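# A closer look at the structure
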Amino acid sequence: MTDFAARRTIMVDTQVRPSDVTKFPIIDAMLSIAREEYVPDGKREAAYVGENIALDDNRVILEPRTLAKMLDALDIQPDELVLDLGCGLGYSAAILASLSDFVIAVEEDESRANEAQEILSAQGVDNVAVVAGPLAEGNEKNGPYDVIMVQGAVESVPSQILNQLKDGGRMACIFAEGMLGTAKIGYKIDGEMVWRHGFSAGAPVVTGFEAPREFAL
């Protein structure tokens with residue numbers, strides 16, 4: 001029988017702590033939340049590897065290091081409302097829920113959204129609502145949000161998403177740059193986004209977050 005608790009400890013000790021993630025709430029969440037419960041069937045043995053775990057339709061569960069470093073930079077507070085775009089089967093939402101007041105998690109595929117909600121409920125996570133809908137549209141109804149995360153890479157961020165971020169709020173996503181990418185944190189100041197360079201990270205570009213294509217005649 002696999003000792004997933006031991007693997008969680010190894011993940012934190014070898015992937016998270018060495019990446020200068022020191023905030024106790026993040027460390028505690030990653031030690032206590034059962035990542036293996038939030039991966040596709042057949043991939044539980046790979047739940048704690050230091051790489052992205054593939055879902056279908058060009059989507060991934062971000063590697064623990066990338067997720068943890070983004071969370072560390074966001075510095076989420078216990079009274080904040082978070083929008084999690086592309087929560088997969090709910091792992092990122094579960095981590096975010098442990099750090100914040102409430103999480104609205106969006107998944108494009110309705111069956112995946114339903115499965116994520118079922119897993120979260122079964123794991124006792126009661127401050128997440130998973131909503132089915134296009135990731136690039138966010139969830140305006142329950143906003144504005146203190147924090148927005150995109151669980152994948154972007155080439156550009158739709159204005160509809162930026163409009164759902166509170167003034168003074170923060171956003172984290174990976175900007176695709178050729179074969180590589182850079183995780184950045186954006187701060188909304190007087191209605192404008194100021195992006196700060198974070199660290200190297202990679203993930204597929206999320207549908208709806210591609211750069212506008214220019215056509216030449």
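The present account deals with the structure reproduced in this document. Please read all numbers here as calculations on a predicted model, not as lab measurements.

### Quick word on the packing of helix 1 (residues 4-16) against helix 3 (residues 64-74)
Relative orientation of the contacting elements helix 1 and helix 3 amounts to 70°, with a least axis distance of 10 Å. Taken as axis vectors, helix 1 and helix 3 run roughly perpendicular relative to one another. Judged by the twist between their axes, the crossing of helix 1 over helix 3 is right-handed. For the pair helix 1 and helix 3, the contacting residues are M11, Q15 and V16 in the first and P64, R65 and A68 in the second. Class assignment for the residues of the contact of helix 1 with helix 3 results in 4 nonpolar, 1 polar and 1 charged.

### A look at the packing of helix 2 (residues 24-32) against helix 4 (residues 91-99)
Put simply, helix 2 and helix 4 touch, their axes get as near as 9 Å, and they point 135° apart. The angle between helix 2 and helix 4 falls in the class oblique. Two packed elements cross with a definite hand, and for helix 2 against helix 4 that hand is right-handed. The segment helix 2 lies against helix 4, with P25, I26, A29 and M30 engaging Y91, I95, S98 and L99.

### Points about the sheet that holds strand 7 (residues 165-177)
If you trace the 7 strands from one edge of the open sheet to the other, you get 5-4-3-6-7-8-9, paired in mixed fashion. Every interior strand has two partners, whereas the edge strands, strand 5 (128-132) and strand 9 (192-200), have only one. Within this sheet the neighbouring strands show an average axis-to-axis angle of 20°, counted without direction. By the bridge criterion, 8 bridges tie strand 8 (residues 180-189) to strand 9 in an arrangement that is antiparallel. Within strand 9, the residue paired with G186 across the bridge is W195. Sheet contacts for helix 5 (residues 110-122): strand 4 (102-107) and strand 5; angle to strand 5, the most-contacted strand, approximately 170°.

### A few points about helix 3
Residues spaced three or four apart along an α-helix point in a common direction, a consequence of the helix completing one turn every 3.6 residues. Counting buried positions over the 11 residues of helix 3 gives 9, a clear majority of the element. Among all positions in helix 3, only P64, T66, L67, A68, K69, M70, L71, D72 and L74 are buried. Immediately beyond the C-terminal end of helix 3, within one or two residues, lies D75, with a positive phi of roughly 50°.

### A closer look at empty space enclosed by the protein
Applying the stated criterion to the full structure yields 1 cavity of 30 Å³ or more. Volume-wise, the largest cavity comes out at about 60 Å³. Taken together, L55, R59, V60, I61, L62, L67, G86, C87, G88, Y91, S92 and Q151 make up the lining of the largest cavity. Those elements that provide at least two residues to the lining of the largest cavity are strand 2 (60-61) and helix 4.

Calculation criteria
Residues numbered from 1 in each chain as written. Predicted model: local features only at pLDDT ≥ 70, side-chain atom pairs only at ≥ 80, totals over all residues. Heavy atoms only, no water. Axes fitted to C-alpha atoms, helices over the stretch in contact; angles between N-to-C directions. Helix = DSSP H or I, 4+ residues; strand = E, 2+ residues; numbered from the N terminus. Parallel < 35°, antiparallel > 145°, perpendicular 65-115°, else oblique. Left-handed = near helix turned anticlockwise from the far one by under 90°. Contact = heavy atoms within 4.5 Å. Nonpolar A, V, L, I, M, F, W, Y, C, P; charged D, E, K, R; others polar. Pairing = 2+ DSSP bridges. Buried < 20%, exposed > 50% of the residue type's maximum accessible area, 1.4 Å probe, protein only. 1 Å grid on protein atoms, 1.4 Å probe; cavity = no way out; pocket = protein on both sides within 12 Å on 5 of 7 lines; lining within 4 Å. Points joined across faces, edges and corners; volume = space filled by probe spheres on them.

By themselves, these are just geometric observations and shouldn't be taken as functional.
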